Amino acid sequence: MTLACPTAHALLTRTGAHVPQALDFVVVGLNHQTAPVEVRERAAVRAGHEGALLSHLCGYAQEVMLLATCNRTEVYMAGVSGDPRAAFEGAWGETLGDHLYVHTGEAAVTHLYRVAAGLDSLVIGETQIQGQVKRAWMDARERGLTGTTLNKVAQGALAAGKRVRFETGMSDKIVSVSSAAVELAHSALGSLAGRTALIIGAGETAELTLTHLRAAGVEDVIVVNRTVERARQLAEKLGGRPCAADYLEEVLPEADVLIASSGAPHYVLGAEGVNAALRQRPGRPMFLIDISVPRILNPDIAGVPGAHLHNLDDLTGIVARNMQSRRAALPHANAIVRDAAADLSRWHLTRQARQRELALASD
């Protein structure tokens, strides 16, 4: 449904063009809602293959943008000629059938606006997608594949996404295991500023945990890992002190908060080690969170006076509560997207009317 713009309709009526043409903008793609991972893999964008895909797609449109993440592959096109579904399947050489969706005109605009706002994501309101949309647009611009329409729509999508995050607070509550662990520690200890944290592990989850600890005000972080070089790399990247796993119990007395996120196949710390550490810090309890699967902190730690042990099950309430706050913000977020899409429709109508008027004036 094209929203009314009095100025544009007046211009169209004056120039004799009573029926406005729909915006020539299309999206075709698939995502986590329409295709399982084994199908999404078939339409993945492999590094270095972007040029070939875009070259094929340019045979079907004057403007093209490719958006690819772990949960979606989408092609946005303006000035379309031919079948968008055929363009997509031809680019990847795959028959994807009902897994593909195709939206045109205002529906395609609304879709991109929802994507940029994180409303179409697996985790509602996630912020990473905003940067991914911006990079996709900038890449298309650098390749000379965008024009007036795609630039306008992409800019509108990024602005809509920013409004959703700023006005709804949807992204204030981060939904991840790492952030929930830090939030749990903050709830138990109050401010984490001035505290010392110890992370066991140096993988992706440990890196996210360290990032959230920094954001919570923790300045002193000890990174413990079986391979000390990996601990050093993470510590140097985000700030911290590396430590080999062999020296865990030597540095443990310094820790106010310990978050374990390692893939070790056995317990790396038990009640005896924690009890010994607490004797060296009388009157100062220790907060331990095990987010490893399988667990690497022995459950017998829970019986040590002054030790407060938690695991993944203790984080589910925080994640669920944060997701609920995001769902509560959905009506407001959807209203923002509708308003932004209406602005784009008014721009299209006005532009179309003025182009018509100029064409008639030149005759």
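Residues numbered from 1 in each chain as written. Predicted model: local features only at pLDDT ≥ 70, side-chain atom pairs only at ≥ 80, totals over all residues. Heavy atoms only, no water.

Points about helix 9 (residues 204-215)
- With 12 residues, helix 9 should cover 16 Å at 1.5 Å per step; its first-to-last C-alpha distance of 17 Å lies within 8% of that length.
- Within helix 9, the full set of buried residues consists of Ala206, Thr209, Leu210 and Leu213. Considered in projection along helix 9, the buried side chains sweep an arc of 100 degrees and stay on one side of the axis. When the buried face of helix 9 is taken as reference, the exposed residues oriented beyond 90 degrees from it are Glu204 and Ala215.
- Buried residues in helix 9 make contact with helix 8 (177-189), strand 5 (196-200), strand 6 (220-225), helix 10 (228-238) and strand 8 (257-260).
- Just downstream of helix 9 lies Gly217, where phi reads positive at about 100 degrees. (Helix = DSSP H or I, 4+ residues; strand = E, 2+ residues; numbered from the N terminus. Expected span 1.5 Å × (residues − 1). Buried < 20%, exposed > 50% of the residue type's maximum accessible area, 1.4 Å probe, protein only. Arc of directions from axis to C-beta. Contact = heavy atoms within 4.5 Å.)

A few points about the sheet that holds strand 10 (residues 307-311)
- Spatial strand order, 7-6-5-8-9-10: 6 strands in an open sheet with parallel pairing. Each having just a single partner strand, strand 7 (241-244) and strand 10 make up the two edges of the open sheet. Adjacent strand axes in the sheet meet at a mean angle of 20 degrees when their direction is disregarded. (Pairing = 2+ DSSP bridges. Axes fitted to C-alpha atoms, helices over the stretch in contact; angles between N-to-C directions.)

A closer look at the packing of helix 7 (residues 148-168) against helix 14 (residues 330-362)
- Closest axis-to-axis distance for the helix 7/helix 14 pair is 9 Å, and the angle between their directions is 155 degrees. Taken together, the axis directions place helix 7 and helix 14 in an arrangement best described as roughly antiparallel. Once helix 7 is placed against helix 14, the crossing between them reads as right-handed. Contacts between helix 7 and helix 14 involve Thr148, Thr149, Lys152, Val153, Ala160, Arg163, Val164, Glu167 and Thr168 from the first element and His332, Ala333, Ile336, Val337, Asp339, Ala340, Leu344, Trp347 and Arg351 from the second. (Parallel < 35°, antiparallel > 145°, perpendicular 65-115°, else oblique. Left-handed = near helix turned anticlockwise from the far one by under 90°.)

Considering the side chain of His348
- Along the chain, His348 turns up in helix 14.
- On the basis of relative accessibility, which here comes to 13%, the residue His348 falls in the buried class.

Some points on the side chain of Ser178
- Inspection of the secondary structure assignment puts Ser178 in helix 8.
- Those residues in contact with Ser178 that sit more than four places away from it in its chain are Thr205, Leu208, Thr209 and His212.

With respect to the confidence of the model for the protein
- When pLDDT is averaged along the protein, the result is 88; 93% of the residues meet or exceed 70.
- By mean pLDDT, the top-scoring element of the protein is helix 12 (residues 271-279) (97), and the lowest-scoring one is helix 1 (residues 6-14) (52). (pLDDT = per-residue confidence, 0-100.)

Things to note about the sheet that holds strand 1 (residues 25-31)
- With antiparallel pairing, the 4 strands of this open sheet are ordered in space as 2-3-1-4. The sheet is open, and its two edges are formed by strand 2 (61-69) and strand 4 (101-104), each paired on a single side. Pairs of neighbouring strands in the sheet enclose a mean axial angle of 15 degrees, with direction left out of account.
- As paired elements, strand 1 and strand 4 share 4 bridges and run antiparallel to each other. Across the sheet, residue Gly29 finds its bridge partner in strand 4, namely Tyr101.
- Lying on the sheet, helix 3 (residues 50-57) is in contact with strand 2 and strand 3 (72-80); it crosses strand 2 at an angle near 145 degrees.
- Each of strand 1, strand 2 and strand 3 is contacted by helix 7, which is oriented at about 35 degrees to strand 2, the strand it contacts most.

Observations concerning the pattern of salt bridges
- This model, assessed by the stated rule, comprises 12 salt bridges.
- Note that Arg163 is salt-bridged to Glu167, the shortest N-O span being 2.8 Å. One end of the pair, Arg163, and the other, Glu167, are both in helix 7, 4 residues apart, so they sit about a helical turn from each other.
- Residue Arg281 pairs with Asp256 through a salt bridge whose shortest N-O separation is 2.7 Å. Highlighted residues: Arg281 in the loop between helix 12 and strand 9 (286-290) and Asp256 in the loop between helix 11 (248-251) and strand 8, separated in sequence by 25 residues.
- Here Asp256 falls in the buried class, since its relative accessible area comes to 7%. (Salt bridge = Lys/Arg side-chain N within 4 Å of Asp/Glu carboxyl O.)

Observations concerning the layout of surface pockets
- Put simply, the second largest pocket is a space of about 320 Å³.
- When grouped by side-chain class, the residues that make up the lining of the second largest pocket number 8 nonpolar, 7 polar and 2 charged. (1 Å grid on protein atoms, 1.4 Å probe; cavity = no way out; pocket = protein on both sides within 12 Å on 5 of 7 lines; lining within 4 Å. Points joined across faces, edges and corners; volume = space filled by probe spheres on them. Nonpolar A, V, L, I, M, F, W, Y, C, P; charged D, E, K, R; others polar.)

Here we look at the nonpolar core
- Core analysis: the biggest nonpolar cluster contains 57 residues, and Phe25, Val75, Tyr76, Phe88 and Tyr113 have the highest contact counts within it.
- Among the elements that take part in this core, helix 7 stands out by supplying 7 residues, more than any other.
- Not counting the four nearest positions on each side in its chain, Tyr76 is found in contact with Phe25, Val26, Val27, Glu63, Val64, Met65, Leu67, Ala108, His111, Leu112, Val115 and Leu150.
- Among the nonpolar cores identified, the runner-up in size contains 25 residues, and Ala197, Ile199, Ala206 and Ile318 belong to it. (Core = buried A, V, L, I, M, F, W, Y, C linked by side-chain atoms within 4.5 Å.)

Observations concerning helix 4 (residues 84-92)
- Taken together, the buried positions of helix 4 are Pro84, Ala87, Phe88, Glu89, Ala91 and Trp92.
- Of the surrounding elements, those touching the buried residues of helix 4 are strand 1, helix 3, strand 2, strand 3 and strand 4.
- Its side-chain oxygen at 3.1 Å from the backbone nitrogen of Arg85, Asp83 defines the N-terminal cap of helix 4.
- Once helix 4 ends, the next one or two residues include Gly93, with phi positive near 65 degrees. (Polar contact = N/O pair within 3.5 Å; in protein donor to acceptor, adjacent residues only side chain to side chain.)

Re the environment of Gly263
- Secondary-structure assignment places Gly263 in the loop between strand 8 and helix 12.
- Taking the C-alpha atoms as reference points, Gly263 and Ser191, 72 residues apart in sequence, are found 29 Å from one another.

A look at the pairing of strand 6
- Of all 6 residues that make up strand 6, 5 are buried, and the element is covered over most of its length.
- Following the chain from strand 5 across helix 9 to the adjacent parallel strand 6, one finds a crossover that is right-handed.
- Note: strand 6 against strand 7, 4 bridges, orientation parallel. Paired with Val224 across the two strands is Cys243, which belongs to strand 7.
- In this region the chain leaves strand 6, passes through helix 10 and returns to the parallel neighbour strand 7; the handedness of that crossover is right-handed. (Right-handed = clockwise from strand over helix to strand, strands pointing away.)

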